[in-house]
Amino acid sequence: MARLVFDLDGTLIDSAPDVRGIANGILAALEARPLSLPETRRFMGEGVPTFVDRMIASRELDPCLKPRMLTEFMKHYDTAVELTRVYPGVPEILASLSTEGHRLGLCTNKPERPARAVLRHLDLDGAFDAIVGGDTLNRRKPDPAPLHSTFDRLGDVGAQIYIGDSETDAETALRADVPFLLYTNGYRKGGGGLTCRAAFSDFAELPALVARLS
Ligand SMILES: O=C(O)COP(=O)(O)O
Ligand SMILES: [Mg+2]
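Residues numbered from 1 in each chain as written. Chains lettered and ligands numbered in written order. Predicted model: local features only at pLDDT ≥ 70, side-chain atom pairs only at ≥ 80, totals over all residues. Heavy atoms only, no water.

As recorded by an unreviewed UniProt entry, the protein chain carries the name phosphoglycolate phosphatase and is attributed to Pseudooceanicola marinus. According to its UniProt record, the protein chain has this under Catalytic activity (unreviewed entry): "2-phosphoglycolate + H2O = glycolate + phosphate". Turning to the protein chain, the UniProt annotation filed under Sequence similarities (unreviewed entry) states: "Belongs to the HAD-like hydrolase superfamily. CbbY/CbbZ/Gph/YieH family." (UniProt positions renumbered as here; feature names shortened; annotations may be inferred.)

A.B. asks: Sorry, what's going on with the state of the cysteines here?
C.D. replies: Two cysteines form a disulfide when their sulfur atoms are joined by a covalent bond. In the structure shown here, the tally under the stated rule is zero disulfides. Here cysteine 107 stays free of any disulfide, with the sulfur of cysteine 196 as its closest cysteine sulfur at 18 Å. (Disulfide = S-S within 2.5 Å.)

A.B. asks: What am I meant to see in the pattern of salt bridges here?
C.D. replies: Using the criterion set out here, one finds 13 salt bridges in the structure. Arginine 113 is the partner of aspartate 78 in a salt bridge, and the nearest nitrogen-oxygen pair spans 2.3 Å. Here aspartate 78, found in the loop between α4 (66–77) and β3 (85–86), pairs with arginine 113, found in helix α6 (residues 112–121); they are 35 residues apart in sequence, far enough to count as distant. Residue arginine 113 is classed as exposed on the basis of its relative accessible area of 62%. Across the salt bridge formed by arginine 116 and glutamate 112, the nearest N and O atoms sit 2.9 Å from each other. Within this pair, arginine 116 and its partner glutamate 112 are both found in helix α6, separated by four residues, close to a single helical turn. The class for arginine 116 is partly exposed, based on a relative accessible area of 34%. Taken together, the shared-partner salt bridges connect Asp7, Lys141 and Asp169 into one network. (Salt bridge = Lys/Arg side-chain N within 4 Å of Asp/Glu carboxyl O. Helix = DSSP H or I, 4+ residues; strand = E, 2+ residues; numbered from the N terminus. Buried < 20%, exposed > 50% of the residue type's maximum accessible area, 1.4 Å probe, protein only.)

Structure follows, in structure tokens:
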């Protein structure tokens, strides 16, 4: 039995098309060039404030626009769920890991409300015993505090394993001193150069990796 904590965007789901829709609504109102999908995926991983910083830098916008852009972003984030998809095998594997007795948690830099909204939309809201979002604490990944807090909320039992897709996740795990499993079909394709205990490209491989570590 282990405590398994998952990242969300680029690990369990691809929400970039919905995030891109929000961003491009904001950019259109500012008469700025829209984001492509690969650009959107590249900008994601460190939460909304950093995403907006990257929008501003890449489109050479006035940094004073940031508070307005953040407000606008958050206004749409809870309902931007229609284009989001789960990665293949995710619902089945989460259900079977849970049936095996593992405790499942979610530690994402997506703010908690939109994270819960998209999980509800995908019928995955019951899959987790604990959910920590980018604004649940006053610190975000790669700060290890949100990951520690997610494990704490799962109770003080079993080995700890963190599963994610990005350099932010790898660094968070390193700083939290928790074994990291890297999903290589998320937003950092291949995941070259990232420190991890093991990497997997298909969720069907995850139960065996978990069994090895727990
Ligand atoms: O919202 C983001 O920027 C990333 O979220 P994640 O931590 O689930 O990858
Ligand atoms: Mg991610």
